[in-house]
Amino acid sequence: MHVGIIMDGNGRWAAAKGLPRLEGHRRGVEALRKAVRSAIELNVDYLTVYSFSTENWSRPVQEVMDLIGLLKRFIRIDLADLHKQNVRVRIIGERASLAADLKKLLDDAEDLTRSNDGLCLVVAFNYGGRQELARAMQKIAAEVRAGDLQIGDITPDLVSSRLNTADIPDPDLIIRTSGEQRLSNFLLWQAAYAELVFLPINWPDFDRAAFDTAMNEFRSRDRRFGKLNTVKANAS
Ligand code: FPP
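Below is a short write-up of the structure. (Residues numbered from 1 in each chain as written. Predicted model: local features only at pLDDT ≥ 70, side-chain atom pairs only at ≥ 80, totals over all residues. Heavy atoms only, no water.)

### Here we look at the site of the ligand
Which entries qualify depends on this criterion: Here a residue counts as near a molecule or strand whenever at least one of its heavy atoms sits within 4 Å of it. We define a polar contact as two N or O atoms separated by no more than 3.5 Å, with the added condition that, inside protein, one atom must be a possible hydrogen donor and the other a possible acceptor, whereas residues neighbouring each other in sequence contribute only through side-chain atom pairs. The protein chains shown are the only cover counted for residues, whose accessible areas, like all others here, come from Shrake-Rupley with a 1.4 Å probe. The helix count covers DSSP runs of H or I at least four residues long, the strand count covers runs of E at least two residues long, and both are numbered beginning at the N terminus. For this scheme, ten residues count as nonpolar: Ala, Val, Leu, Ile, Met, Phe, Trp, Tyr, Cys and Pro. Four count as charged, namely Asp, Glu, Lys and Arg, and the remainder, Gly too, count as polar.
Around the ligand, the surrounding shell holds 19 residues, and the nearest of these are M7, G11, R12, R21 and R59. Between the ligand and G11, the relevant distance is 3.0 Å, taken from an oxygen atom to a main-chain nitrogen or oxygen of the residue. Separating an oxygen atom of the ligand from a side-chain N or O atom of R59 is a distance of 2.8 Å. Summarising the interface, the protein chains cover 91% of the accessible area of the ligand, which totals 620 Å² for the free molecule. Ranked by residues supplied to the shell around the ligand, first place goes to helix α2 (residues 21–41) with five residues. Along the lines of polarity and charge, the residues of the shell around the ligand split into eight nonpolar, seven polar and four charged.

Structural data, given as structure tokens:
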């Protein structure tokens, strides 16, 4: 099973407590650690978390630096532990334009954990669904121009295979915290048949009980994938 999470509401959590936004993001990292533990306990195969969107670059420079700093620290501090827990780390998003040290950190995290076969933690960083699709279209167009691909070969499966998530199954469940009810450019193509669960809590308050609530809601849904016959969500 693949669960995606839009970790929203760090700023609102901090504001409600009269704390700086950075404190909200710090507590967000704590919540992420808990979510990884819960995902392992719940036998989730893939957990994809939206850590920084393409659009987040337009936040104030200090906040952008804080968010990048938290990701770096998360990888530096938590990677050994994740590796010990047999977690495979994958990063999706645009990497070519990132600073060399950050790129290396992300590459190294993937390399170290490549052969782990426990939970796959997919971190969406500098990620935007439309941007990912545009990059896939550029690749496909180049292949057509080179004569390696015919226009008629462009099927949904072919498009999937040119995305960053090429070998990752589509998400079954997408959870968004903070009460907002939208995808915000997260896994647009891949979310075609995902069940969406919106929780009225801010991300720093996300714990095992909240994960259970989302999973129970998911299990209660009838997944039909456009057909008439019913596929119970808990069968996937
Ligand atoms: C949304 O809260 C959250 C983010 C933009 C970033 C999520 C980042 C983390 C949980 C920490 C860093 C990530 C990793 C992988 C270490 P918001 O700031 O949009 O909250 P608001 O809508 O209440 O202002």
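### Side note on the pairing of strand β2 (residues 46–53)
Just so we agree on the cut-off: Burial here depends on accessible area, computed with a 1.4 Å probe over protein chains only, as a share of the maximum for the residue type. Under 20% is buried, over 50% is exposed, and the range in between is partly exposed. In this scheme, strands are said to pair when DSSP sees at least two bridges between them.
By the criterion of burial, β2 is predominantly enclosed, with six of the eight residues buried. Pairing of strand β1 (residues 2–6) with β2, which is carried by five bridges, proceeds in the parallel orientation. Its bridge partner being in β2, I5 is matched across the sheet by V49. Direction of pairing for β2 relative to strand β4 (residues 120–127): parallel, over a ladder of seven bridges. Across the sheet, residue Y46 finds its bridge partner in β4, namely C120.

### Digging into the pairing of β1
In terms of residue burial, β1 counts as a mostly covered element, since five of its five residues are buried. Here β1 shows no split at all, with H2, G4 and I6 on one side and V3 and I5 on the other all buried.

### A few points about the packing of helix α3 (residues 61–84) against helix α4 (residues 100–113)
The test is simple: Note on geometry: axes are lines fitted to C-alpha atoms, helical ones only across the stretch in contact, with angles between N-to-C directions running from 0 to 180 degrees. Working rule for angles: under 35 degrees goes down as roughly parallel, over 145 as roughly antiparallel, 65 to 115 as roughly perpendicular, anything else as oblique. Each crossing is labelled by how the near helix is turned from the far one, with a counterclockwise turn of less than a right angle marking it left-handed and a clockwise turn marking it right-handed. Residues count as neighbours in contact if any of their non-hydrogen atoms are within 4.5 Å of one another.
Where α3 contacts α4, the two axes come as close as 11 Å, and the packing angle between them is 20°. Put simply, α3 runs roughly parallel to α4. At the point where α3 passes α4, the crossing takes the left-handed sense. Counting all contacts with α3, which are made through I68, L71, K72, I75, R76, L79 and H83, the residues of α4 involved are D101, L102, L105, L106, A109, L112 and T113.

### Here we look at the packing of α2 against α3
Where α2 meets α3, the closest approach of the two axes is 11 Å, and the angle between their N-to-C directions is 30°. On the basis of their axis angle, the class for α2 and α3 is roughly parallel. The two elements α2 and α3 cross, and the hand of that crossing is right-handed. Residue-level inspection shows R21, L22, H25, R26, V29, L32, R33 and V36 of α2 in contact with α3, the latter providing E63, D66, L67, L70, F74, I77, D78 and L82. Its residues placed into classes, the contact of α2 with α3 shows nine nonpolar, one polar and six charged.

### Examining the packing of aromatic side chains
Quick reminder of the rule: Classification of ring pairs uses Phe, Tyr and Trp, with its six-membered ring standing for Trp, and accepts pairs whose centres are within 6.5 Å; under 30 degrees between planes counts as stacked, over 60 as edge-to-face, and the remaining range as tilted.
Following the criterion strictly, the structure yields eight aromatic pairs and no others. Look at Y50 and Y127: their rings are 6.0 Å apart centre to centre, the planes differ by 80°, and that puts the pair in the edge-to-face class. You can see Y50 sitting in strand β2 and its partner Y127 sitting in strand β4, a full 77 residues away along the chain. Per residue, the accessibility class of Y50 equals that of Y127, and both read buried. The interplanar angle of 35° and the centroid separation of 5.3 Å between the aromatic rings of F52 and F125 together place this pair among those described as tilted. Taken together, the residues F52 in strand β2 and F125 in strand β4 connect sequence positions 73 residues apart. One exposure class covers both F52 and F125, and it is buried. Site record: aromatic cluster; members linked through ring pairs are Y50, Y127 and F186.

### Structural notes on the pattern of salt bridges
Going by this rule: The rule for a salt bridge is simple: a side-chain nitrogen of Lys or Arg has to be within 4 Å of a carboxyl oxygen of Asp or Glu.
What the rule picks out here adds up to 22 salt bridges. One salt bridge in this structure joins D8 and R12, with 3.2 Å as the shortest N-O distance. Classification of R12 as partly exposed rests on a relative accessible area of 37%. Between D107 and R95 there is a salt bridge, with the nearest N and O atoms lying 2.8 Å from each other. Note that D107 is positioned in helix α4 and R95 in the loop between β3 (88–92) and α4, a separation of 12 residues in sequence. Overall, the relative accessible area of 32% leaves D107 in the partly exposed class. Taken together, the salt bridges that share partners define one network made up of D8, R12, R176, E180 and R182.

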